[in-house]
Amino acid sequence: MNERYQFLFEPLNLPNQIRLKNRVVMAPMTHMSSQPDGTISDQEVEYYARRAQGVGMVITAATWVAPNGGIPGAPAADRDEVIPGLRKLASAIQEQGAKAILQIFHSGRQASLNGDLVSASAVPERREGALVPRELTETEVEELIHAYGQAARRAVESGFDGVEIHGANGNLLHQFFSPFTNRRSDRFGGASEKRMTFALEIVDEVKRIAAVHAKKPFIIGYRLSPEESETPGITMAETLPFIDALAMKGLDYLHISLKNYEAVPRRGIVDSRTRLAIIQERAGRHLPVIGVGNVQTPEDAINALQTGAQLVALGRELVMEPDWMKLIAEGNEAGIQTTLSLQDQHKLVIPNGMWQLILSVPGWFPVAQEP
């Protein structure tokens, strides 16, 4: 193995002393492959098992905590009946040597399952034909905090090693933090400190549930998007105090959702460094930061870690190359596949739903030129 890449294989102890065998994480990726009722499918299990053998930790696709927060093809953690399937999924990941993390979320105004479209406020998505969501009542928000806690309980009972609270990519937690989508005047809206409330109370509830139900250390992470393009929208000036508040909650990691790990701030602060480096400086002394975004080669991964981030996540690259870690360990990084061809689905154990999604979104994955 190339000595430059040795750090990718170094173990890491999380704040709760759970030990990850290396620095590489499988990022959560939409796969559209759960059963219509949100239960786990066999294709889903096979897809994760194929990719779990080399990485230190696998974060599953976003798993909904309430029926009005789901999207088609996504898994559910909203009722005890889903536990057997979740247990099968957790075991399949762990049998390959990786820690299994269930990402829990509510999609808010992005939902499309049961017709009850809800959000922080009645602000539709910025696309043609978007429906106007219903503003959640304060009581409903408090019920959703409880729902996140119960989803975490089901993760514990299913044998997962932890949960990731998904607050990125425009979902309900993101909608509550954003001044563009949160126009509330109650305790969950207003200044940025109040717009953090929903997320911070969910963290408290998940930690409380884990303390009650988990019989061993249980990983709790949080994922966020540091900025958004809308005006008014989330800026780094608002995100940094939010990161401070999350870091003081005793989480085990912070996962930064980026399209490119080299991206610099849009607005809000004057700093020429990457967002990842700025966030690492701010939060890294309290908890590990996971860097993600356009990481394909081992050189990309090392560069992302050189920002100070202690873990690096791969999404699309592990879809295209499940043996990424194995090839690097063998010194064969030149053999890493970085494109897909139309013949790759079965060879790479890509579920039907995910394959159709890949084919329907031009440019989402690089496509190999057919001979």
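Our structure's up above, just so we're on the same page.
Residues numbered from 1 in each chain as written. Predicted model: local features only at pLDDT ≥ 70, side-chain atom pairs only at ≥ 80, totals over all residues. Heavy atoms only, no water.

Caption draft 1: Broad picture of the overall build of the protein. Along its length, the protein carries 12 helices and 13 strands. Radius of gyration (C-alpha) of the protein: 19 Å, near the 21 Å computed for a compact globule of 371 residues. If you line up the protein on its principal axes, its C-alpha atoms span 55 × 45 × 45 Å. Sequence-distant contacts in the protein: of pairs separated by 6 or more residues, those separated by 24 or more amount to 70%. Carbon and sulfur atoms form 50% of the exposed surface of the protein, whose accessible area is close to 14700 Å². (Helix = DSSP H or I, 4+ residues; strand = E, 2+ residues; numbered from the N terminus. Rg over C-alpha atoms; globule rule 2.2 N^0.38 Å. Contact = heavy atoms within 4.5 Å. Areas by Shrake-Rupley, 256 points an atom, 1.4 Å probe, with all protein chains shown as cover.)

Caption draft 2: The side chain of Gln103, seen in detail. Inspection of the secondary structure assignment puts Gln103 in strand E6 (residues 99–105). Residue Gln103 is classed as buried on the basis of its relative accessible area, which comes to 1%. Within polar-contact distance, the side chain of Gln103 engages the backbone nitrogen of Ala62 at 3.3 Å. (Buried < 20%, exposed > 50% of the residue type's maximum accessible area, 1.4 Å probe, protein only. Polar contact = N/O pair within 3.5 Å; in protein donor to acceptor, adjacent residues only side chain to side chain.)

Caption draft 3: Structural view of the packing of aromatic side chains. This structure, assessed with the given rule, holds 8 aromatic pairs. Their ring planes at 90 degrees and their centres at 6.4 Å tell us that Tyr148 and Phe198 sit as a pair that is edge-to-face. With Tyr148 in helix H3 (residues 138–157) and Phe198 in helix H6 (residues 197–213), this pair connects stretches of sequence that are 50 residues apart. This pair shows no difference in class: Tyr148 is buried, exactly as Phe198 is. Put simply, the rings of Tyr148, Phe176, Phe188 and Phe198 pair up and form one aromatic cluster. Of note, Arg183 hangs over the ring of Phe180, and the distance from its end group to the ring centre comes to 5.5 Å. Sitting over the ring of Phe177, Arg195 keeps its end group 5.8 Å from the ring centre. (Phe/Tyr/Trp six-rings, centres within 6.5 Å; stacked < 30°, edge-to-face > 60°. Lys NZ or Arg CZ within 6 Å of the ring centre and 35° of its normal.)

Caption draft 4: Local environment of the environment of Ala263. Among the secondary structure elements, Ala263 is positioned in the loop between strand E11 (253–256) and helix H8 (275–283). Excluding residues within four positions of it along the chain, Ala263 makes contact with Thr274 and Arg275.

Caption draft 5: Looking closely at the environment of Asn332. Looking at where Asn332 falls in the secondary structure, it is placed in the loop between helix H11 (324–329) and helix H12 (352–360). The spatial distance from the C-alpha of Asn332 to the C-alpha of Glu227 is 37 Å, given a sequence separation of 105 residues.

Caption draft 6: Quick peek at unusual backbone geometry. In this model, Thr231 is joined to Pro232 through a cis peptide bond whose omega is -5 degrees. Within the fold, Pro232 resides in the loop between strand E10 (219–224) and helix H7 (236–247). Even without a glycine there, the phi angle at Met32 is positive, about 55 degrees. Positionally, Met32 belongs in the loop between strand E3 (24–26) and helix H1 (42–51). One non-glycine residue, Asn169, lies in positive phi territory at about 60 degrees.

Caption draft 7: Fine view of the nonpolar core. Among the nonpolar cores identified, the biggest contains 106 residues, and Leu8, Ile165, Phe198, Tyr222, Leu254 and Trp324 are the most heavily contacted of them. Per element, the largest residue contribution to this core is 9 residues, and it comes from H3. Core analysis: the second largest hydrophobic core is formed by 15 residues, Met57, Ile101, Ile219 and Val292 among them. (Core = buried A, V, L, I, M, F, W, Y, C linked by side-chain atoms within 4.5 Å.)

Caption draft 8: The arrangement of the environment of Ile165 in detail. Looking at the secondary structure, you find Ile165 in strand E9 (residues 162–167). As for Ile165 and Ile104, which are separated by 61 residues in sequence, their C-alpha atoms are 5.4 Å apart. Beyond its immediate chain neighbours, meaning those up to four positions away, Ile165 contacts Ile104, Tyr148, Leu173, Ile202, Val203, Val206, Ile220, Gly221, Tyr222 and Arg223.

Caption draft 9: Region of the structure containing the pairing of strand E13 (residues 311–314). Along E13, one buried face is formed by Leu311 and Ala313 and the opposite face, lined by Val312 and Leu314, is buried too. Note: E3 against E13, 3 bridges, orientation parallel. Bridge assignment links Met26 to a residue of E13, and that residue is Leu314. Bridge count between strand E12 (residues 289–292) and E13: 3 bridges; the pairing is parallel. Bridge assignment links Gly291 to a residue of E13, and that residue is Val312. For the segment spanning E12, helix H9 (residues 298–305) and E13, crossover handedness is right-handed. (Pairing = 2+ DSSP bridges. Right-handed = clockwise from strand over helix to strand, strands pointing away.)

Caption draft 10: Quick peek at helix H2 (residues 83–94). Look at H2: 16 Å from first C-alpha to last across 12 residues, which is about the 16 Å you get at 1.5 Å a residue. Taken together, the buried positions of H2 are occupied by Ile83, Leu86, Leu89, Ala90, Ala92 and Ile93. The inward-facing, buried residues of H2 abut H1, strand E4 (57–59), E6 and H3. (Expected span 1.5 Å × (residues − 1).)

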